[in-house]
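# Examining the three-dimensional arrangement
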There are 2 protein chains.
Amino acid sequence: MLNRVRSAVAHLVSSGGAPPPRPKSPDQPNATSALPVTPPEAPRSPAKAGSGGAAPAKTAEARASFSRPTFLQLSPGGLRRADDHAGRTVQSPPDTGRRLPWRTGYAEVINAGKSRHNEDQACCEVVYVEGRRSVSGAPREPSSGQGLCFYYWGLFDGHAGGGAAEMASKLLHRHIREQLKDLVEILQDPSPPPLCLPSTSGTPGSLDPSHLVGPQSCFPSQKEVTHDSLVVGAIENAFQLMDEQMARERHGHQVEGGCCALVVVYLLGKVYVANAGDSRAIIVRNGEIIPMSREFTPETERQRLQLLGFLKPELLGGEFTHLEFPRRVQPKELGQRMLYRDQNMTGWAYKKIELEDLRFPLVCGEGKKARVMATIGVTRGLGDHNLKVCTSSLPIKPFLSCFPEVQVYDLTQYEHCPDDVLVLGTDGLWDVTSDCEVAATVDRVLSTYEPNDPSRYTALAQALVLGARGTPRDRGWRLPNNKLGSGDDISVFIIPLGGPGSYS
Amino acid sequence: MLNRVRSAVAHLVSSGGAPPPRPKSPDQPNATSALPVTPPEAPRSPAKAGSGGAAPAKTAEARASFSRPTFLQLSPGGLRRADDHAGRTVQSPPDTGRRLPWRTGYAEVINAGKSRHNEDQACCEVVYVEGRRSVSGAPREPSSGQGLCFYYWGLFDGHAGGGAAEMASKLLHRHIREQLKDLVEILQDPSPPPLCLPSTSGTPGSLDPSHLVGPQSCFPSQKEVTHDSLVVGAIENAFQLMDEQMARERHGHQVEGGCCALVVVYLLGKVYVANAGDSRAIIVRNGEIIPMSREFTPETERQRLQLLGFLKPELLGGEFTHLEFPRRVQPKELGQRMLYRDQNMTGWAYKKIELEDLRFPLVCGEGKKARVMATIGVTRGLGDHNLKVCTSSLPIKPFLSCFPEVQVYDLTQYEHCPDDVLVLGTDGLWDVTSDCEVAATVDRVLSTYEPNDPSRYTALAQALVLGARGTPRDRGWRLPNNKLGSGDDISVFIIPLGGPGSYS
């Protein structure tokens, strides 16, 4: 993410100290052993000698190590090429060997030098969920029902370091699996989900069927909750638990910075697109564009941020004002009237400038230059627990939300052809490519491949990444129209909506 | 508004006491003399003898007086018919005499008995705005420029009393006029609005042209503010000032209850539709439906309400939980797991029931039965300063917003025909009539009238009101399909988009 966090790296609070908690079970996503294979970074300040199995301090060399998605199957040489800012080779899974699930296409390219490594990360998995227990609360018999499989795709666009993106790419789907464990039976039962379940420590003695749907009392009605909304809730909570894990483990592990997260879950006929940040997902179906996400930036979330600053002024630390002005107010303008808007307004009005209006605005700037507290350009995502205001030690995390917005697409409601795709891209793609241009590339590339050619979706992903990167010319990466291409990391997933081979 | 406030009337805090502040200027909307012609209600508790020109106490008879929009030109007999719950005669401006501006159509009908009087109010005016001063701050010469005219329509759907709706119908447009006074020159100048103006007390000596657009300092950019957004800001602030006036004057005047407000301003080629509550505006253009407002209810604003309860738990008074459950939690369910969602979630998940989850949910119920604090069914509007929770004295006003959402429609971007209309209706219309049914009625009624027939838009308003009211049959007001018609007050404006006679 290009310049998303201004000078924030330099202001990350360094940490030494206590070893991470020991894992309780290797199956738990919050178990330390489930962390990325990359060795944890040594604390930046001199560390006290840890006990209880803390990872040994690494050399500067090891600290600079980086990883790319395992599914790229990169050799050491390939890894070097993937890390080369000058060549900017587009990387995709090899034609040979194991392909990505669901015939998924993928391509990525490193930035033009804005950060040392590619801070985007990606994950594509098929995840099996075994039910934790039966709905009745009785311990689950191995034979008492089928588990569930979900397909999973995740794009993570890191900023101020690659640690958060890498951790999320390794663990977020495990958090989703954990959240779904309780729902395995419920989601496969066509009747409406029970509103109330026995306690997790429930013994057969506590089982009272009347508990499952209790009396309505004075409540005006009983709300019907859909199966979809349980999956949405599971994904939302998984994002939060992932974020909490980053907070807990940031001192012991290499969890620098933060990341945007764009995640797709396919489960029981439906596609759930969860977005927290400024990546984007669109469906291109029969040439038509269906937006599947919204971006969360200081501009789109201005009113939420301002309301928080208004209700909790202590979060502004006396340095910021929750009001927005079209430009910085000058001391000599005291007493004059300037345009402003507050948390309730979408329009502008004039107000008399008072002393506290001279503080820096919580939200300022436009477009890619919009910032919260003059520092960060995205307002949702994972991590950033150590992020401080450039010029002070005021924490920014309270203004950031780790919650995604989830959109649901019913794959069974439409007969999809092989050229119908879901396109996921980090902002490196979308900064220089419109939805319509993506749709045109979808049409152009897929029409040159046979519907069953297994390489067509990767070819499409590569075309999109190349089209956004451009070619080196006139001291820059330039598009055919001579405008600058994206100097950011660019990552693209192409998910064919026909499903895994359903139109073969 | 049918049952929008449950038992709230009974819980309004009665007030006696001090006389209202004396007006400072008859032109100010907050001047007491600008209040409705209806005599102020006597205090409900024995009043101390007021001094300083307080209105004399009225008898119970006078207290029960009510008013309908002046433009209906109702005779005493007409007023009685308009107040008759049994006959429910549809009221419209008379065919003779002065017509409504802009060939506007209007019709209304009283409720079927849910409240003593019709608590809807309406206003339709042409308002002249004289500039307050020149942009440079110099006192304005009478000849130094043209004032501005705006067309104005307002529908106000009262609850828990008719006072707030009546006050808003008499005064809100004056607040809008006040807010526009500073903008008269700016809106007529095609150059972008100045970001900064000299102080209101500015003397020629303080005038420094460099103040109008100051240096950009470290701000990343200077935001461009459009003329439209100044009008939006003026309307937003006018709503807030109207609400504040109600708060100030509620003790001295008949400002019971609250009201939804749906307001349309036509100014310099654009239509601004401002909505706070659950009234609705749609454009029907060449048969196509263009929504021009959103409804604000406990369901649509759930997350805003929950966030406020979460950030300011003192507002919940230990009686409510900010969490939502699909039904009321029972004490015997302690320790079990129930579906819930919090301020961050759109999906549902299970949580273990704890003691504080037994509190009543801040938001509960569905559809027309959804409530904030078990009391009120709309979350935006004016007034309600005395509204308390049914079962306690906890104030509800902190959860209500007086700010409208404003949508802008550029009338010059499309050549409108005489059958293109903007339809405004209180929820009495929309509860039983879909957008599509309204569009069908628009087509059916207008096609039977000549394009220049001055009565066509009132005929359309009448048809819509009649269609929503139904006819008395089987002990109820019933629609042709035998479903129940609306027992609520119903009010409808029809605004032809061709403008005032532009297609004559």
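Residue numbers here run from 1 along each chain, matching the order of that chain's written sequence. Naming scheme: in the order in which they are written, chains are lettered from A and ligands are numbered from 1. Totals for whole chains, interfaces and linings use every residue, but because this is a predicted model, local features are given only for residues with pLDDT of at least 70 and side-chain atom pairs only at 80 or more, for both listing and counting. Water and hydrogen atoms play no part in the side-chain values, which are based on all heavy atoms of the structure.

## Here we look at the overall build of chain A
Rules: Think of it this way: any DSSP run of H or I at least four residues long counts as a helix, any run of E at least two long counts as a strand, and we number them from the N terminus. Should any heavy atoms of two residues lie within 4.5 Å, those residues are counted as being in contact. All accessible areas in this document rest on Shrake-Rupley with a 1.4 Å probe, and a residue is counted as covered only by the protein chains that are shown.
The helix and strand tally for chain A stands at 10 helices and 20 strands. Residue pairs at least 24 apart in sequence account for 71% of intrachain contacts in chain A once pairs closer than 6 positions are excluded. Total accessible area computed for chain A in this model is approximately 20400 Å², and 52% of it derives from carbon and sulfur atoms.

## Topic: the domain arrangement of chain A
The cut-off we apply is this: Residue ranges labeled as domains rest on an automatic or database domain assignment.
Domain boundaries in chain A define domain 1 (70-131 + 146-189 + 226-296 + 402-459 + 474-496) and domain 2 (301-377). For domain 1 of chain A versus domain 2 of chain A, the separation of C-alpha centres amounts to 34 Å.

## Points about helix α7 (residues 302-311) of chain A
As a reminder of what qualifies: Burial status follows relative accessibility: with a 1.4 Å probe on protein chains alone, a residue under 20% of its type maximum counts as buried, one over 50% as exposed, and anything between as partly exposed.
Among the residues of α7(A), those classed as buried are A:Arg302, A:Leu305, A:Gln306, A:Leu308, A:Gly309 and A:Leu311. Its buried side turned inward, α7(A) meets β13 (363-364) and β14 (371-372) of chain A together with α7 (302-311) of chain B.

## Comments concerning the packing of helix α4 (residues 163-181) of chain B against helix α6 (residues 227-249) of chain B
Residue and element names in this part refer to chain B. The criterion, for reference: Inter-axis angles, ranging from 0 to 180 degrees, are taken between N-to-C directions of lines fitted to C-alpha atoms, where helices are fitted over the stretch in contact. The scheme is simple: roughly parallel for angles under 35 degrees, roughly antiparallel for over 145, roughly perpendicular for 65 to 115, oblique for anything else. Each crossing gets its hand from how the near helix is turned against the far one by less than a right angle, where anticlockwise is left-handed and clockwise is right-handed. By the convention adopted, Pro, Cys, Tyr, Trp, Phe, Met, Ile, Leu, Val and Ala count as nonpolar, Lys, Arg, Asp and Glu as charged, and the other residues, Gly among them, as polar.
In contact at an axis separation of 8 Å, α4 and α6 are set at 135 degrees when each is read in the N-to-C sense. Taken together, α4 and α6 sit at an angle that is classed as oblique. The chirality of how α4 crosses α6 is right-handed. Contacts between α4 and α6 involve Ala164, Met167, Ala168, Leu171, Leu172, His175, Ile176, Gln179 and Leu180 from the first element and Ala234, Asn237, Ala238, Phe239, Leu241, Met242, Gln245, Met246 and Glu249 from the second. Broken down by class, the residue content of the contact of α4 with α6 amounts to 13 nonpolar, 4 polar and 1 charged.

## Let's talk about the sheet that holds strand β11 (residues 349-352) of chain A
Short version of the rule: Two strands are counted as paired when DSSP detects at least two bridges linking them.
One open sheet accounts for 3 strands, arranged β11(A)-β10(A)-β4(B); its pairing is antiparallel. Edge strands, defined here as strands with exactly one partner in the open sheet, are β11 of chain A together with β4 (196-197) of chain B. Summarising the sheet, strand β10 (residues 337-340) of chain A and β4(B) pair through 2 bridges and their orientation is antiparallel. Its bridge partner lying in β4(B), A:Arg337 is registered against B:Leu197.

## Brief notes about the pattern of salt bridges
For the record, the criterion: Throughout this description, the term salt bridge denotes a Lys or Arg side-chain nitrogen within 4 Å of a carboxyl oxygen of Asp or Glu.
Using the criterion set out here, one finds 45 salt bridges over all chains in the structure. A:Asp182 is paired through a salt bridge with B:Arg337; the nearest N and O atoms lie 3.3 Å apart. Of this pair, A:Asp182 sits in the loop between α4 (163-181) and α5 (184-188) while B:Arg337 sits in strand β10 (residues 337-340), placing the two residues on different chains. Residue B:Glu288 is joined to B:Arg285 by a salt bridge in which the shortest nitrogen-to-oxygen separation is 3.7 Å. On the basis of relative accessibility, which here comes to 43%, the residue B:Glu288 falls in the partly exposed class. Here the salt bridges do not stand alone but share partners, grouping A:Lys223, B:Arg302, B:Glu324 and B:Arg341 into one network.

## With respect to the interface of chain B and chain A
As a reminder, the rule being used: The quantity reported as buried area is the accessible area (1.4 Å probe) lost by two parts once they are put together, taken as the sum for both. Pairs of N or O atoms are called polar contacts if they sit within 3.5 Å, as long as, within protein, a hydrogen donor faces a hydrogen acceptor (for residues adjacent in sequence, only side-chain-to-side-chain pairs).
Counting residues at the interface gives 68 residues for chain B and 68 residues for chain A. Carbon and sulfur atoms make up 58% of the area that chain B and chain A hide from each other, which totals about 6200 Å². Between chain B and chain A we count 4 salt bridges in total. Where chain B touches chain A, the interface holds 24 residue pairs in polar contact (both at pLDDT 80 or more). At the level of secondary structure, the elements contributing two or more residues to the side of chain B that touches chain A comprise β4, α6, α7, β10, β11 (349-352) and β12 (360-361) of chain B.

## Brief notes about the relation of the copies chain B and chain A
Put simply, the test is: Superposition of the copies used a least-squares fit over C-alpha atoms from residues whose pLDDT is at least 70 in both.
Once chain B is rotated about the relating axis by 180 degrees and shifted along it by 0.0 Å, it coincides with chain A to within an RMSD of 0.0 Å. Look at the turn and shift together and you get a two-fold axis relating the two. Among all residues of chain B, the one whose C-alpha sits closest to the rotation axis is B:Leu311, at a distance of 3.8 Å. Of the residues that chain B buries at the interface, 100% are likewise interface residues in chain A, meaning the two copies contact each other through the same surface.

## Re the packing of aromatic side chains
Rules: The aromatic pairing rule takes the rings of Phe, Tyr and Trp, using the six-membered ring of Trp, and pairs them if the centres are within 6.5 Å, calling planes under 30 degrees apart stacked, those over 60 edge-to-face and the rest tilted.
Counted under the stated rule, the structure contains 20 aromatic pairs over all chains. Ring centres 6.2 Å apart and planes at 85 degrees place the aromatic pair A:Phe320 and A:Phe360 in the edge-to-face group. Note that A:Phe320 is positioned in strand β9 (residues 320-321) and A:Phe360 in strand β12 (residues 360-361), a separation of 40 residues in sequence. Residue A:Phe320 shares its accessibility class with A:Phe360, and that shared class is buried. Relative to B:Tyr106, the ring of B:Phe71 lies with its centre 4.9 Å away and its plane at 85 degrees, an arrangement referred to as edge-to-face. Of this pair, B:Phe71 sits in the loop between α2 (60-63) and α3 (76-82) while B:Tyr106 sits in strand β1 (residues 105-109), and the two are 35 residues apart along the sequence. Each residue in the set A:Trp102, A:Tyr151, A:Trp153 and A:Tyr266 is aromatic and connected to the rest through ring pairs, giving one cluster.

## Looking at the confidence of the model for chain A
All names here are of chain A. Note the following rule: As a per-residue measure, pLDDT tells how confident the predictor is, with possible values from 0 to 100.
The pLDDT averaged across chain A works out to 84; a share of 79% of its residues lies at or above 70. Predicted confidence is poor over residues 30-64, with pLDDT under 50, and the contacts of this stretch with residues over four places away or in other chains come to 61 contacts. Note that pLDDT drops below 50 for residues 202-218; the model gives that stretch 29 contacts with residues more than four away or on any other chain. Prediction confidence for the complex, expressed as pTM and ipTM, is 0.85 and 0.83 respectively.

## Notes on the sheet that holds β11(B)
The antiparallel open sheet is built from 3 strands, whose spatial order is β4(A)-β10(B)-β11(B). Looking at strand neighbours, the two that pair on one side only are β4 (196-197) of chain A together with β11 of chain B, the edges of this open sheet. By the bridge criterion, 4 bridges tie β10(B) to β11(B) in an arrangement that is antiparallel. Bridging across to β11(B), B:Arg337 finds its partner in B:Lys352.

## Focus: empty space enclosed by the protein
Filter applied, for reference: Definitions used for this entry: grid spacing 1 Å over protein atoms alone; cavity, a set of points where a 1.4 Å probe fits but cannot get out; pocket, an open set with protein on both sides within 12 Å along at least 5 of 7 lines; lining residue, one with an atom within 4 Å of a point. Grid points are joined across faces, edges and corners, and a volume is the space filled by probe spheres set on the points.
The final tally for this structure, using the stated rule, is 8 cavities of 30 Å³ or more. Residue composition of the lining of the second largest cavity, by class: 5 nonpolar, 3 polar and 3 charged.

## Quick look at the pairing of strand β3 (residues 148-159) of chain B
All names here are of chain B. The buried fraction of β3 is high, at 10 of 12 residues. Relative to β3, strand β2 (residues 120-129) runs antiparallel, the two sharing 10 bridges. Bridge pairing in β3 places Val127 opposite Phe150. Pairing analysis gives 9 bridges linking β3 to strand β5 (residues 258-267), with the strands arranged antiparallel. Directly across from Tyr152, in β5, lies its bridge partner Val265.

## Structural notes on the side chain of A:Arg478
Residue and element names in this part refer to chain A. Quick reminder of the rule: Neither His nor the chain ends contribute to the count of charged residues, in which Lys and Arg are positive and Asp and Glu negative.
Here Arg478 lies in strand β19 (residues 477-478). Here Arg478 is buried and forms no salt bridge, its nearest opposite-charge partner Asp474 lying at an N-O distance of 4.2 Å. A polar side-chain atom of Arg478 sits 3.4 Å from the main-chain carbonyl oxygen of Arg473. Apart from the residues lying within four places of it in its own chain, the contact partners of Arg478 are Arg469, Gly470, Thr471, Arg473, Lys483, Leu484 and Gly485.

## What to know about the side chain of A:Gln343
Residue and element names in this part refer to chain A. Relative to the helices and strands, Gln343 resides in the loop between β10 and β11. Take Gln343: its relative accessible area is 8%, and that puts it in the buried class. At a separation of 3.2 Å, a polar atom in the side chain of Gln343 contacts the side chain of His322.

## Describing unusual backbone geometry
All names here are of chain B. The phi torsion at Arg88 lies on the positive side, around 50 degrees, for a residue other than glycine. Following the sequence through the fold, Arg88 ends up in the loop between α3 and β1. For Arg88, a relative accessible area of 0% gives the class buried. Despite not being glycine, Ala374 shows a phi value in the positive range, around 60 degrees. Structurally, Ala374 is set in the loop between β14 (371-372) and β15 (382-383). Ala374 sits in the buried class, given a relative accessible area of 16%.

## Observations regarding the environment of A:Ala276
All names here are of chain A. Considering the arrangement of structural elements, one finds Ala276 in strand β6 (residues 270-276). Judged by its relative accessible area of 0%, Ala276 is buried. Setting aside residues no more than four positions away along its own chain, Ala276 makes contact with Phe239, Cys260, Ala261, Phe296, Arg380, Gly381, Cys402, Phe403 and Pro404.

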